[in-house]
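Residue-level structure breakdown
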2 protein chains.
Amino acid sequence: MAAAPPSPKRARTSKDQDDKTYHLLYHPTIPGRGECIRLIFEATQTPYVDVSNATKDDVYSILSKSPDQAHPPIFALPALRVSTKGSSSSPSSDDLIISQTTSIVEYLGHELGLAPGPPQSAANLHARQLALTALDLTVEAHDSHHPISVEFYYEDQAVESKQRAENFRSARLPKFLAHLEAVLAWNAVDADGRRGKGRYVVGDKLSYADLVWWQVIDGLLFAFPNELAARKPDYSHLFTKFYPGIKDDEGAVSAYIASDRRLPFGDGMFRHYPELDRESGDA
Amino acid sequence: MAAAPPSPKRARTSKDQDDKTYHLLYHPTIPGRGECIRLIFEATQTPYVDVSNATKDDVYSILSKSPDQAHPPIFALPALRVSTKGSSSSPSSDDLIISQTTSIVEYLGHELGLAPGPPQSAANLHARQLALTALDLTVEAHDSHHPISVEFYYEDQAVESKQRAENFRSARLPKFLAHLEAVLAWNAVDADGRRGKGRYVVGDKLSYADLVWWQVIDGLLFAFPNELAARKPDYSHLFTKFYPGIKDDEGAVSAYIASDRRLPFGDGMFRHYPELDRESGDA
């Protein structure tokens, strides 16, 4: 394992904050994939501009105003614009623009002290695998209410959704949760070998992989409350240490989670349709 | 943009080859996601052990023999085992084990001279976004024949597949192909500003992102030949420069593509069901 990076608090100095300004480009009003990125900023107490929520401007029109000779096209949001000239609010050809959620959170992890090691280290490659797997699960959770097409309304694919959600809950969800539990158990160690103690997926402190997984688990609890309630006992590190640890005992990010600044789930990736969840009390 | 890494040929020395042995762990007989990784090895003429195809052993039993105190659980194949003690064929606690396709190809890109810049550079973050987006497309292509569950046979979800494939071909596929074409056009430059000339997605030479996209395009040509034939004229950089460039004019990787060592498509991620493709001659 590589040497630990400086702790988030020591890593943030006023000089850092003058150097770079982070602009999150994402759809307004929903947490979605953008929330994984917000959690990184909140956990490290890094100032950022949540562009569409701050300005109510359409994010695609913001993107199309970027000087495009300097930046390749992006496929989808979220994107992150990193300005290196103070808090410059207008796009510049010197800005860095990054897209794909897992790439953004890993980039910020290295910048802000939430990566468990350098990019090519075993610890970071493990964190990256976990972040990618969490986002794969997000896609499957989304497709449980949109199995035929993202372009059709849920109501027009409700029958197929019921089939896909049934299979998602019985086969796919437990496979993913069992993986996360196995990782937490593998990394729990202690009796003074240390490491994560069930609270962290890699090493002995918070990383970008923890925050991405936490957001996904929270989304699943919103979307499938009965299913998760029934399965909780099978995943003890996950539901007695990892999930409550970040929710309640992780300083700045826990405070953010408890605040009204956090956007509620609704009609995004994670949706609660009672007919797609396990029936209440169904064992 | 960061300084260019040494060219693949100069980067490979006999010392490198003694230092590390690469073991690809993937399902036997199909190209699948493993093929993206094989293309990296072939393009750089790097020796590797394609474990399940070489031994016919079950890859999961190989994985479970790994010393698990040293390595966290992995979620799914492909995985890469990197041995640092010569060509050691039995797993060791010193080995690095990496999973998730895009993470493996990026790791190897940095190791073998197929990354367009250091991990946090704009060029590499662009390559990473492209690799991730190509794999997202792979999932959507797969789900066009498995919209309800990966656990059911195609025949048991053929009706839903027809709906999803229709939407995939009409809405999703062109969105992804238009993105790749836009990236190739953006990076084409020249009249002596240089860069990719339509052949490369990032910079002026081959990177891991090109190889991943090439494999995905080749899979789509296999799965949806009529759809792709009808759409080819819309994507001229893609189909007149990028795709044939790697197929025919990229040295070692082109030789591999033409060889009988390359595994044919069949019942993997990319499948050819004529009823899911555009009807022949249907404009």
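In this report, the structure presented in the accompanying data block is examined. Keep in mind it's a predicted model, so treat the numbers as computed, not measured.

1. Side note on the interface of chain A and chain B
At the junction of the two partners, chain A supplies 48 residues and chain B supplies 48 residues. Surface buried jointly by chain A and chain B totals about 4,100 Å² across both partners, of which 60% is contributed by carbon and sulfur atoms. Sorting the residues of chain A by area buried against chain B places A:Phe75, A:Gln120 and A:Trp186 first, and these three jointly supply 18% of that buried surface. At the surface where chain A touches chain B, the tally comes to four salt bridges. A salt bridge links A:Arg128 to B:Glu106, with the shortest nitrogen-to-oxygen separation between them at 3.8 Å. Across the chain A-chain B interface, the total number found is 16 residue pairs in polar contact (both at pLDDT 80 or more). Those elements that place two or more of their residues in the side of chain A that touches chain B are strand 4 (96-99), helix 6 (101-112), helix 7 (122-143) and helix 8 (158-186) of chain A. Top contributing element to the side of chain A that touches chain B by residue count: helix 8 of chain A, with 12 residues. Taken together, the residues of the side of chain A that touches chain B sort by class into 21 nonpolar, 16 polar and 11 charged.

2. Topic: the relation of the copies chain A and chain B
Screw-axis analysis of chain A against chain B gives a translation of 0.0 Å along the axis, an RMSD of 0.0 Å, and a rotation angle of 180°. In the structure described here, the two chain copies are related by an operation that fits a two-fold rotation axis. Considering only C-alpha atoms, the part of chain A nearest the rotation axis is A:Pro147, at 2.9 Å. Taken together, the interface assignments show that 100% of the residues at the interface of chain A recur at the interface of chain B, consistent with an identical surface on both copies.

3. Some words on helix 7 of chain A
In this model, helix 7 of chain A (22 residues) spans 32 Å end to end at C-alpha, consistent with the 32 Å of a helix rising 1.5 Å per residue. The element helix 7 of chain A is extensively covered by neighbouring structure, given that 19 of its 22 residues are classed as buried.

4. Some details on the pattern of salt bridges
Charged atoms that come close allow side chains of opposite charge to pair. A full pass over the atoms with the stated rule returns 34 salt bridges over all chains. A salt bridge links A:Arg262 to A:Asp218, with the nearest nitrogen and oxygen atoms 2.8 Å apart. Here A:Arg262, found in the segment after helix 12 (252-258), pairs with A:Asp218, found in helix 9 (residues 208-223); they are 44 residues apart in sequence, far enough to count as distant. Notably, a salt bridge pairs B:Lys20 with B:Glu111, separated by 2.7 Å at the nearest N-O pair. In this pair, B:Lys20 sits in the loop between helix 2 (14-19) and strand 1 (21-25) while B:Glu111 sits in helix 6 (residues 101-112), placing the two residues 91 residues apart along the sequence. Exposure remark for B:Glu111: the relative accessible area of 29% places this residue in the partly exposed category.

5. Regarding the packing of aromatic side chains
The tally for this structure, following the rule as stated, stands at 16 aromatic pairs over all chains. Here the aromatic rings of B:Tyr154 and B:Tyr273 are separated by 3.7 Å at their centres, their planes lie at 15°, and the arrangement is stacked. You can see B:Tyr154 sitting in the loop between helix 7 (122-143) and helix 8 (158-186) and its partner B:Tyr273 sitting in the segment after helix 12 (252-258), a full 119 residues away along the chain. An aromatic cluster of three or more residues is present, and its members are A:Tyr22, A:Phe41 and A:Tyr48. Directly above the aromatic system of A:Trp186 lies the positively charged group of A:Arg195, at a separation of 4.4 Å from the ring centroid.

Cut-offs and rules
- Residues numbered from 1 in each chain as written.
- Chains lettered and ligands numbered in written order.
- Predicted model: local features only at pLDDT ≥ 70, side-chain atom pairs only at ≥ 80, totals over all residues.
- Heavy atoms only, no water.
- Contact = heavy atoms within 4.5 Å.
- Buried area = accessible area lost by both parts, 1.4 Å probe.
- Salt bridge = Lys/Arg side-chain N within 4 Å of Asp/Glu carboxyl O.
- Polar contact = N/O pair within 3.5 Å; in protein donor to acceptor, adjacent residues only side chain to side chain.
- Helix = DSSP H or I, 4+ residues; strand = E, 2+ residues; numbered from the N terminus.
- Nonpolar A, V, L, I, M, F, W, Y, C, P; charged D, E, K, R; others polar.
- Least-squares fit on C-alpha atoms with pLDDT ≥ 70 in both.
- Expected span 1.5 Å × (residues − 1).
- Buried < 20%, exposed > 50% of the residue type's maximum accessible area, 1.4 Å probe, protein only.
- Phe/Tyr/Trp six-rings, centres within 6.5 Å; stacked < 30°, edge-to-face > 60°.
- Lys NZ or Arg CZ within 6 Å of the ring centre and 35° of its normal.

These figures capture arrangement, not role.
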